[in-house]
Amino acid sequence: MTHIAVITGDLIKSRKAPADAIAKAMGVLNTAATQIASHDDLIKPKFTRFRGDGWQIMVTSPQYSLKYAVHLFAALRATNLNLDTRMSIGIGSVRSTGTNTLADADGDAFVLSGGNLDQIGKRRLTVARAPSGPFPGSYFAMLEDIMFGWTTAQAQAIALALRSPNTTQDDIAKTLGITRQAVQLRLAGAHHATIDWVLSDFAKAYLTND
C-alpha cells in the first residue's frame, strides 16, 4: 500500500496578527513548499489553506516529510512577520489526493495529521507513525527546541541550506549579500550540522522500517 506524509499546521498567536500578515505567511509557506519539492523531484505539494490560520501540504515521499517541516518553519521564521507555526506530520495510506486542493483528499495520513494537531497541546512539532528502530522520538523535541531558538538571520541561512542539497555556503552568501564567514556563523548558531544529522537519520530509519 502506498504511503504518503501529510503536514498539517496552524499559525501561532495569529489572533493578534493583522489579516495581511497572515495572508503573507501563507504565501511564504506555499512558496517554500513548492521550492523544496522541485529540488527533491516530488509532486507539487498542493498547499491548502483552511480555517483561517490553518494549512496543509502533502509529501509524496514520507522520508522527506521532516525535512519539509523544518524548511517550512525556517522560511517563515526568516521573515519579519513575527509568526511561527505548529506542525503535525501524519504518515499513512491515502485513498484520494484530492482535486485542485487537499480539501477533498482522504486517507489515514490526513486523519493522523489533522487529529494529532488538534491534540498537540503545548508541543509544536509532532509526528504520527514515526519510524521505529534507531530513530528516537526525543529527536522531535530536540528539533523543536532548536527551531524556536533561531534568530531571523539564522533561519534565513537554514532555509536556503535546506532548499536544495546542492546549495553551498558560497551560494547562501551570494543570495544574502554577506560573507561566507558570516554564513558559517549563522549555520553554526542554528545547529545546521545537528539538523542535517537528524533529518538524514529520519529518512534512513523510515526507509529501513517502512
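Fair warning: this is a prediction, and the values are worked out from it, not measured in the lab. (Residues numbered from 1 in each chain as written. Predicted model: local features only at pLDDT ≥ 70, side-chain atom pairs only at ≥ 80, totals over all residues. Heavy atoms only, no water.)

A.B. asks: For this particular structure, what's the right way to read the pairing of strand 5 (residues 125-128)?
C.D. replies: For a regular strand, the rule is simple: side chains alternate between the two faces of the sheet. Judged by which residues are buried, strand 5 turns out to be covered on both faces: Leu125 and Val127 on one side and Thr126 and Ala128 on the other are all buried. Between strand 4 (residues 85-93) and its parallel partner strand 5, the chain crosses via helix 3 (residues 108-118), and the hand of that crossover is left-handed. (Buried < 20%, exposed > 50% of the residue type's maximum accessible area, 1.4 Å probe, protein only. Helix = DSSP H or I, 4+ residues; strand = E, 2+ residues; numbered from the N terminus. Right-handed = clockwise from strand over helix to strand, strands pointing away.)

A.B. asks: Would you mind showing me how to read the confidence of the model for the protein here?
C.D. replies: Confidence in the prediction of the protein, expressed as mean pLDDT, is 88, and 91% of residues score 70 or more. Of all helices and strands in the protein, the one with the weakest mean pLDDT is helix 8 (residues 192-209) (86), whereas helix 7 (residues 180-189) scores best (98). (pLDDT = per-residue confidence, 0-100.)

A.B. asks: Just to check I follow, could you spell out the packing of helix 5 (residues 152-163) against helix 7 for this structure?
C.D. replies: Think of two packed helices as two axes; the pair is described by the angle between the axes and how far apart they sit. Where helix 5 meets helix 7, the axes come as close as 8 Å, and the angle between the chain directions of the two elements is 95°. Here helix 5 lies roughly perpendicular to helix 7, going by the angle between them. Along its contact with helix 5, which presents Ala153, Gln154, Gln156, Ala157, Ile158 and Ala161, the element helix 7 presents Arg186, Leu187 and Gly189. Residue composition of the contact of helix 5 with helix 7, grouped by class: five nonpolar, three polar and one charged. (Axes fitted to C-alpha atoms, helices over the stretch in contact; angles between N-to-C directions. Parallel < 35°, antiparallel > 145°, perpendicular 65-115°, else oblique. Contact = heavy atoms within 4.5 Å. Nonpolar A, V, L, I, M, F, W, Y, C, P; charged D, E, K, R; others polar.)

A.B. asks: I'm lost on helix 2 (residues 65-77) in this one. Help?
C.D. replies: The periodicity of an α-helix, 3.6 residues per turn, causes residues three or four places apart in sequence to face the same way. Counted at 1.5 Å a residue, the expected span for helix 2 with its 13 residues is 18 Å, and the 18 Å between its end C-alpha atoms agrees. With 13 of 13 residues buried, helix 2 is to be regarded as a mostly interior element. (Expected span 1.5 Å × (residues − 1).)

A.B. asks: Please explain the packing of aromatic side chains as it appears in this structure.
C.D. replies: Aromatic rings considered in pairs are described by the distance between their centres and by the relative angle of their planes. Here the structure, examined in full by the defined rule, presents five aromatic pairs. Ring geometry for Phe73 versus Phe148: centroids 4.7 Å apart, planes at 50°, classification tilted. Taken together, the residues span a long stretch of sequence, with Phe73 in helix 2 and Phe148 in the loop between helix 4 (138-147) and helix 5 at a distance of 75 residues. For the pair Phe73 and Trp150, a centre-to-centre distance of 6.0 Å together with 55° between the ring planes defines the contact as tilted. Taken together, the residues span a long stretch of sequence, with Phe73 in helix 2 and Trp150 in the loop between helix 4 and helix 5 at a distance of 77 residues. Given the relative accessible area of 0%, Phe73 is considered buried. In textbook terms, an aromatic cluster arises when at least three aromatic residues are bridged by ring pairs, as seen for Phe73, Phe148 and Trp150. Its guanidinium or amino end placed over the ring of Phe148, Arg124 lies 3.8 Å from that ring's centre, counting from NZ or CZ. (Phe/Tyr/Trp six-rings, centres within 6.5 Å; stacked < 30°, edge-to-face > 60°. Lys NZ or Arg CZ within 6 Å of the ring centre and 35° of its normal.)

A.B. asks: Help me out: how do you make sense of the nonpolar core in this one?
C.D. replies: The tendency in soluble globular proteins is for nonpolar side chains to be buried as a group. Ranked by internal contacts, the top residues of the largest apolar core, which has 58 residues, are Ile7, Trp55, Ile57, Leu66 and Trp150. Among the nonpolar cores identified, the runner-up in size contains seven residues, and Val6, Met58, Ala109 and Phe110 belong to it. (Core = buried A, V, L, I, M, F, W, Y, C linked by side-chain atoms within 4.5 Å.)

A.B. asks: What am I meant to see in the sheet that holds strand 4 here?
C.D. replies: Strands belonging to one sheet form pairs held by backbone hydrogen bonds; the direction of such a pair is parallel or antiparallel. Read across the open sheet, the five strands follow the order 2-3-1-4-5; overall the sheet is mixed. The sheet is open, and its two borders are formed by strand 2 (48-50) and strand 5, each paired with just one other strand. Mean inter-strand twist for the sheet, computed between neighbouring axes without regard to direction, equals 20°. On the sheet, helix 2 packs against strand 1 (3-11), strand 3 (54-59), strand 4 and strand 5 and is oriented at approximately 160° with respect to strand 4. Sitting on the sheet, helix 4 touches strand 4 and strand 5, and the angle it makes with strand 5 is about 150°. (Pairing = 2+ DSSP bridges.)

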